[in-house]
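The lines below spell out each chain.
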Amino acid sequence: MVKLSFRVFLTFLLILNLTSLNVSLAQSGQRKIIEGVVTDGSGDPLVSATITANNSKSTALSGMDGRFRIDVSTTKEAALVISSVGYHSRQLFVYDTTGFLTVMLTARDEMGEEVVIMAYGQQKKKSEIVGSAYQVNAERLKDLPMSRVDALLDGQIPGLRVTPNTDDATSTKQRLNIRIRGDGSFTASREPLWIVDGVPIYTGDRTNMIPGIQTSVTPLSYLNPADIESITVLKDASAAAIYGANASNGVILITTKSGKVGKTEVSFNIQSGFSKINKSTLYKTVNAAQYMELAKESYVNAGKDLASFPYNDNDLNSYSTTNTDWTDVFYGTGLVNNAALNIKGGKNRLSYFASGGYYNGKSTIIGNTQDRKTIFGKLGYTIAKGLEIKWITNASFNGNNTFNPSTDYLKNLPVFTPYNNDGSYRLYNKKISGMDADGNPQYTLVKFFNSLAEREENDDVQKAKVFNNNFMLSYRILKGLSSTTQYGVDFSEVKQRIYEARTNWSGMETNGTPVGYASSYYNKTVVKTFIERVNFNKVIGRHSFGGIIGVELKSQRYNTRTLSGGGFQDDTKRDVQYAAEITYRDSSLRERKDASFIGQLEYGYDRKYYLQLTGRRDGSSAFGSQARWGDFASAGVAWDLKNEAFLNNSNFISALRLAASYGNTGNSRLSNQEAYGIYSFNSDNNYGGLPGGIISNLPNPLLRWETARQTNLKLELGLWDRLNFLIEAYNKKTVQAIIDVPVSRATGATSAQSNTGELENKGIEATINWSIYKSKDIQWWLELRAAHNENKVLRLYSGNDRTNGNFIWREDFDLNTYYLIRWAGVDPRDGAPLWYDAAGNITRVYDINNRVPGKSASPVVFGGASMGVKYKRMSLNTLVTYSIGGYQFSSFGRDINSDGLNIETDNQSLNQVDRWRQPGDLALNPRPIWGVSTRSIMNSTRYLYNTTFFSLANLAFAYNLPDRLFRSVGIKQSSVTLAGNNLFTVTPYDKTNRNSFKQAMSGYPQQISFFISVNLTF
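Residues numbered from 1 in each chain as written. Predicted model: local features only at pLDDT ≥ 70, side-chain atom pairs only at ≥ 80, totals over all residues. Heavy atoms only, no water.

How we decide: UniProt positions are given in the numbering used here, feature names are shortened, and annotations may be inferred rather than shown by experiment.
Looking at an unreviewed UniProt entry, one finds the chain named SusC/RagA family TonB-linked outer membrane protein and attributed to Niabella pedocola. Quoted verbatim from the Subcellular location (unreviewed entry) field of UniProt, the annotation for the chain is "Cell outer membrane". Regarding the chain, the relevant UniProt record gives this comment under Sequence similarities (unreviewed entry): "Belongs to the TonB-dependent receptor family."

If you want it as structure tokens, here you go:
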């Protein structure tokens, strides 16, 4: 027993000594040589990477081939730290290393940094972009209304403004103005260039109208937003100059979704919802009692006897008991249903994405519907190593039923009804037209143009077929060098059929004889684009090179036809071919061709310094024979200070970047009639019984495209990897701007188009992105966007002012400066209207010579704000849009404040209740006088509204259901979303008994919509 204990004791001592010996040897510093290579994510060697031992002063640098050799300690705690500017460091324990090491470092911007789609297929990380580009991804669009693409951008892009084309109630299929960094032209288009998957698409003429079609429906409503992966807006010359003569107003790139190699994934989304008008945005009018009070007072003020007041009860009309709310007649509940089925995946050399979409929308304006069926496919196939084909096709079938009540929902008198006593549509009202010799009232039947009858009995149907086909063949010549051939066709065919029934006044002669009128309108537009380009991208050590060289050919051709006729036996056959008489026919054909040569060179050094040079030469048949070619170029530089050694390890500053660019772009979006002139042949120009023609537009062979010279400065700053600032300042000067100039009447015209104008837009844009809180279960972020733009006319022909409706073009003034007589209010002595004369003195005389430049329609600041909160499976997202400053003239606000002039036929604004009635009254409106013009309703600043507003454009709550719930039926993911749009709008100066800009934002009240969306992934 003693011997055994002794042996155990000796064994313990031996182990203790051996352990002490190992520790002693380690502490004495056994060492080894480690060799290896440092590469980037692509496998290319990294030059001058630093390799440091953590427990000694040993340091090494990688060579030109990325290789290194270092002598280090072999303790368990010993480690190598490998770092390089612009890359995330790595730590390797020496104890675990064996053999030759290959260390790959990941660039900072590859750790989730957003990739931005740029021109001609380029994909760039945000930190590599020299110019001004802003991208919105599908995640930010998915909960917004799916009726049209352009409306999705409202408030989402700094410097991009979306407004209605007009404040009038002229079309229920409203066109929108898209302005990027202000209005850049006098008479040419101010709209951006739209490109889908590299190919330009047709969006209408210079104001987005579709030639030859009575009611223009934007082609952007033919696209299915659910197929969009991202939308990138190019704003400055460095980003957009590669598009040359079409880029002055900005470029919007739409990139559609793609498939990728992997397991097939099927997803299904369905949306269903309803909408109502926001009555707080409805223009306020008087009710029947208020109308009768106001009308009778106006009648007496005109010196008339109330015994002959027109609206006394009779056998046809009971005016005293009628109180029709015409808003309820023309507006109802809108419905929206939207469904999309997507299939994506790939195997071996094949990738695919296919979708089918269906959208059906019923507007709150009864009689207006939109129906869209889309089929989309994208197929990619690798034929051989380095050789790939891609085919993208999109087919869209659209139907639009249109009914426009115009301003009848406001102007129709509340004492009228849409129906006769027997329930038929009212076509006449009976009213007193005077008194006979015995003092008895004389009644007259007066036509009532009943829009309700037109809505129910007439047709206005539009059908559109759109096909976009895009074929690409790419070949990788060498590593980093590829060639791409691309051919795209954008085809659209629009047919509109209008029928005005024999049973209402639209289809009758003036004497009431039923006729029936029909018209057909047709437009076919084909845009063909061929692009041949070579892209190259190469990294050599710390140097990176990239660029594009290529050629682009484009043709655009459209033809229109119009046919009108009248004389139908009944309303069963409604096509114009059945008309007894063809009263009008017309056709047109227009074609233009463009050729372009493009080139771009990019250079980067050590991920810190960047240079970009761009050039493009454009030729177009739309311009004069002596000015057919133009050259456009840009240069930009950027400095990424975060990758400098003095900031590389800063935890406080996570990003710091400066960029500057200068260049010129063009604007060629105008008809070729400006250069070539137009001869008009019709019956009005006949001479001596023979067909004749006149010059309706003078030719100008020297006419050329407008040029915008653009400067852009950009600062990007990130703090703590949570708070990011993007600030850009720009100056865009448009020279050779096209404008009308006077010509001798001996030419047969009074004006011709010429490149004689100049104007300037300059401003600042700011974006703040703040990751407020982030943890495993909670993410909370906020993004604020703001823009300020100043517009100024620099040069006009001979310095002469030009009036443009209610605006004036004057040198050193905003292009959108109002030119109106200033309203001075109401004279409290007698209720007469007052104005200011040109010198600022109050006058009782309305004189057009007293117009002065005044307020501007341009806002001071505009933008949007987005916020998202995510907690485990739940998320809440919001979008707010706003505009501060600026003014808008309300034309229908003017028409409905007639101060008695039109009170016999038109209902009146609620503002008219505050009127002058007796001496000393401080009233809003003059003394109303039946049928008498005091010129108070003539254009003046009386009808200008401040356009400041804040709107909650979108609020969406989503919940991701647990995967286990539907796993048994093959559903991998599922979610439910509840969303509301245009929930409320706030404007200053809004009162319950007044109308303000909130009620005059457009010709129709805003609509609030709610929908539920279900998403399933199989």
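Section: the overall build of the chain
We apply this condition: In DSSP terms, a helix is any run of H or I states spanning at least four residues, a strand is any run of E spanning at least two, and both are numbered starting from the N terminus. Partly exposed residues are those whose accessible area sits between 20% and 50% of the maximum for their type, while under 20% is buried and over 50% is exposed, using a 1.4 Å probe and protein chains only. Here a residue-residue contact requires only that any non-hydrogen atoms of the pair lie within 4.5 Å.
Looking only at helices and strands, one finds ten helices and 51 strands in the chain. Projected onto its principal axes, the C-alpha coordinates of the chain cover approximately 150 × 80 × 65 Å. Every one of the 1018 residues in the chain was classed for burial, and the buried ones make up 51%. Long-range contacts, defined as pairs at least 24 residues apart, comprise 68% of the intrachain contacts of the chain with a sequence gap of at least 6.

Focus: the side chain of Ser132
This is how it is decided: As used in this structure description, the phrase polar contact means that two N or O atoms lie within 3.5 Å; if the pair is within protein, one of them must be able to donate a hydrogen and the other to accept it, and residues adjacent in sequence are counted only when both atoms belong to side chains.
For Ser132, the location among the structural elements is in the loop between strand E9 (123-125) and strand E10 (133-137). Reaching out from Ser132, the side chain makes a polar contact with the side chain of Arg181 at a distance of 3.3 Å. Ser132 has contacts with Arg181, Val233, Leu234, Lys235, Asp236, Ala239, Asn712 and Glu728, leaving out every residue within four places of it along the chain.

Points about the pattern of salt bridges
Worth spelling out the cut-off: By definition, a salt bridge exists where a carboxyl oxygen of Asp or Glu is found within 4 Å of a side-chain nitrogen of Lys or Arg.
One pass over the full model with this rule turns up 47 salt bridges. One salt bridge connects Arg616 with Asp618, and the closest N-O pair in it is separated by 2.9 Å. The network of salt bridges with shared partners includes Arg179, Asp183, Arg190 and Glu191.

Section: a nonpolar patch on the surface
Formally: Patch rule: a residue counts if its relative accessible area is over 30% and it has no salt bridge; like charges are joined within 9 Å, and nonpolar side chains (Val, Leu, Ile, Met, Phe, Trp, Tyr) within 5 Å. Under the convention used here, a 1.4 Å probe and the Shrake-Rupley method define accessible areas, while residue burial counts only the protein chains that appear.
Together, Leu379, Tyr381, Ile383, Trp391, Phe471, Leu473 and Tyr487 make up an exposed nonpolar region whose accessible area comes to about 610 Å². Residue assignment for the nonpolar patch shows that the elements contributing at least two residues are strand E20 (369-384) and strand E24 (459-478). With three residues, E20 is the single largest residue contributor to the nonpolar patch. Tracing the backbone shows Phe471 in strand E24.

Overview of the sheet that holds strand E14 (residues 199-200)
Our working rule: Strand pairing follows a simple DSSP-based rule, namely that at least 2 bridges must link the two strands.
Pairing is mixed across the open sheet formed by five strands, whose spatial order is E10-E15-E16-E13-E14. Here the strands that pair on one side only, and so sit at the sheet edges, are E10 and E14.

Some thoughts on the nonpolar core
Using the following cut-off: Here the nonpolar core consists of buried residues drawn from Ala, Val, Leu, Ile, Met, Phe, Trp, Tyr and Cys, with membership extended through side-chain atoms lying within 4.5 Å.
Membership of the largest hydrophobic core comes to 38 residues, with the highest contact counts inside it found for Tyr291, Tyr311, Val415 and Phe416. Of all elements in the fold, only helix H4 (288-301), helix H5 (326-330) and helix H6 (408-411) reach the threshold of two or more residues within this core. By residue number, the principal contributor to this core is H4, which donates six residues. Beyond its immediate stretch of four places on either side in the chain, Tyr311 contacts Tyr291, Met292, Tyr319, Leu413, Phe416, Lys431, Glu904 and Trp930. Met146, Trp194, Tyr359 and Ala953 belong to the second largest nonpolar core, which has 27 residues in total.

Re the sheet that holds strand E5 (residues 79-83)
Basically, it comes down to this: Helix axes are fitted only over the stretch in contact, all axes being lines through C-alpha atoms; the angle between N-to-C directions runs from 0 to 180 degrees.
Strand order in the open sheet formed by four strands is E3-E2-E5-E6, with antiparallel pairing between adjacent strands. Edge positions in the sheet fall to strand E3 (59-61) and strand E6 (90-93), since each of these pairs with one other strand and no more. Here the average twist between neighbouring strands, direction ignored, is 20 degrees. Across three bridges, the pairing between strand E2 (residues 50-53) and E3 is antiparallel.

Here's the deal with unusual backbone geometry
Of note, Tyr120 is a non-glycine position whose phi angle comes to about 55 degrees, a positive value. Here Tyr120 is to be found in the loop between strand E8 (115-117) and E9. Judged by its relative accessible area of 3%, Tyr120 is buried. Its identity as a non-glycine residue notwithstanding, Asn982 has a phi of 50 degrees, on the positive side. With respect to the secondary-structure elements, Asn982 resides in strand E50 (residues 973-986).

Some remarks on H4
Using the following cut-off: One less than the residue count of a helix, multiplied by 1.5 Å, gives the span that helix is expected to have.
Under the 1.5 Å per step criterion, the end-to-end length of H4 is 20 Å for 14 residues, consistent within 8% with the ideal 20 Å. Here H4 has its buried residues at Ala288, Tyr291, Met292, Leu294, Ala295, Glu297, Ser298, Tyr299 and Asn301. Capping the start of H4 is the job of one residue whose side-chain oxygen sits 3.2 Å from the backbone nitrogen of Ala289: Asn287. Where H4 ends, the next residue or the one after it, Gly303, has phi of about 80 degrees, a positive value.

Let's talk about the environment of Thr948
Considering the arrangement of structural elements, one finds Thr948 in the loop between strand E48 (944-946) and strand E49 (949-960). Those residues in contact with Thr948 that sit more than four places away from it in its chain are Ser883, Ile884, Gly885, Val986, Thr987, Pro988 and Phe997. Separated by 2.7 Å, the side chains of Thr948 and Asn946 make a polar contact.

What to know about the environment of Ile540
Here Ile540 is to be found in strand E26 (residues 517-540). Relative accessible area serves as the criterion here: at 49%, Ile540 is assigned to the partly exposed category. In this structure, the C-alpha to C-alpha distance between Ile540 and Asn412, residues 128 residues apart in sequence, is 75 Å.

Quick look at the environment of Gly566
Relative to the assigned elements, Gly566 resides in strand E27 (residues 543-566). By relative accessible area, Gly566 is classed as buried at 7%. For the pair Gly566 and Pro441, spaced 125 residues apart in sequence, the C-alpha separation works out to 39 Å. Among residues more than four places away in sequence, those in contact with Gly566 are Val515, Gly516, Tyr517, Ala579, Ala580, Glu581 and Thr583.

So, the pairing of strand E16 (residues 251-256)
Along any regular strand, the residues point their side chains to alternate faces of the sheet. The buried fraction of E16 is high, at six of six residues. Side chains Val251, Leu253 and Thr255 of E16 all project onto a buried face; the interleaved residues Ile252, Ile254 and Thr256 project onto the opposite face, where all are buried too. In this structure, strand E13 (residues 193-196) lies alongside E16, joined through four bridges in parallel fashion. Residue Val196 lies in a different strand from E16, and its bridge partner there is Ile254. Where strand E15 (residues 228-234) and E16 come together, six bridges link them in antiparallel fashion. Looking across to E16, one finds that Ile231 is bridged to Ile254.

Remarks on the packing of aromatic side chains
Which entries qualify depends on this criterion: In this analysis, rings of Phe, Tyr and Trp, with Trp reduced to its six-membered ring, are considered paired at centre separations within 6.5 Å, and the interplanar angle assigns stacked below 30 degrees, edge-to-face beyond 60, and tilted for intermediate values.
With the rule as written, the count across this model stands at 35 aromatic pairs. Aromatic pair Phe309 and Tyr311: ring centres 6.0 Å apart, planes at 85 degrees, arrangement edge-to-face. Residue classification places Tyr311 among the buried positions, given a relative accessible area of 3%. Note on Trp823 and Trp835: the rings are 6.0 Å apart at their centroids and 80 degrees apart in plane angle, and the pair reads as edge-to-face. In this pair, Trp823 sits in strand E41 (residues 823-826) while Trp835 sits in strand E42 (residues 833-836), placing the two residues twelve residues apart along the sequence. Judged by its relative accessible area of 17%, Trp823 falls in the buried class. Among the residues examined, Trp835 registers a relative accessible area of 1% and is labelled buried.

What about the confidence of the model for the chain?
Caution applies to low-pLDDT parts of the model: their predicted coordinates are not meant to be read in detail. To be explicit about the condition: Scored between 0 and 100, pLDDT is the confidence that the predictor attaches to each residue.
The predicted model of the chain has a mean per-residue pLDDT of 89, with 94% of residues at 70 or higher. Taken element by element, the predicted model of the chain shows its lowest mean pLDDT in helix H1 (residues 2-27) (40) and its highest in E42 (98). Counted against residues more than four places away or in other chains, residues 1-29, with its pLDDT under 50, gives two contacts.

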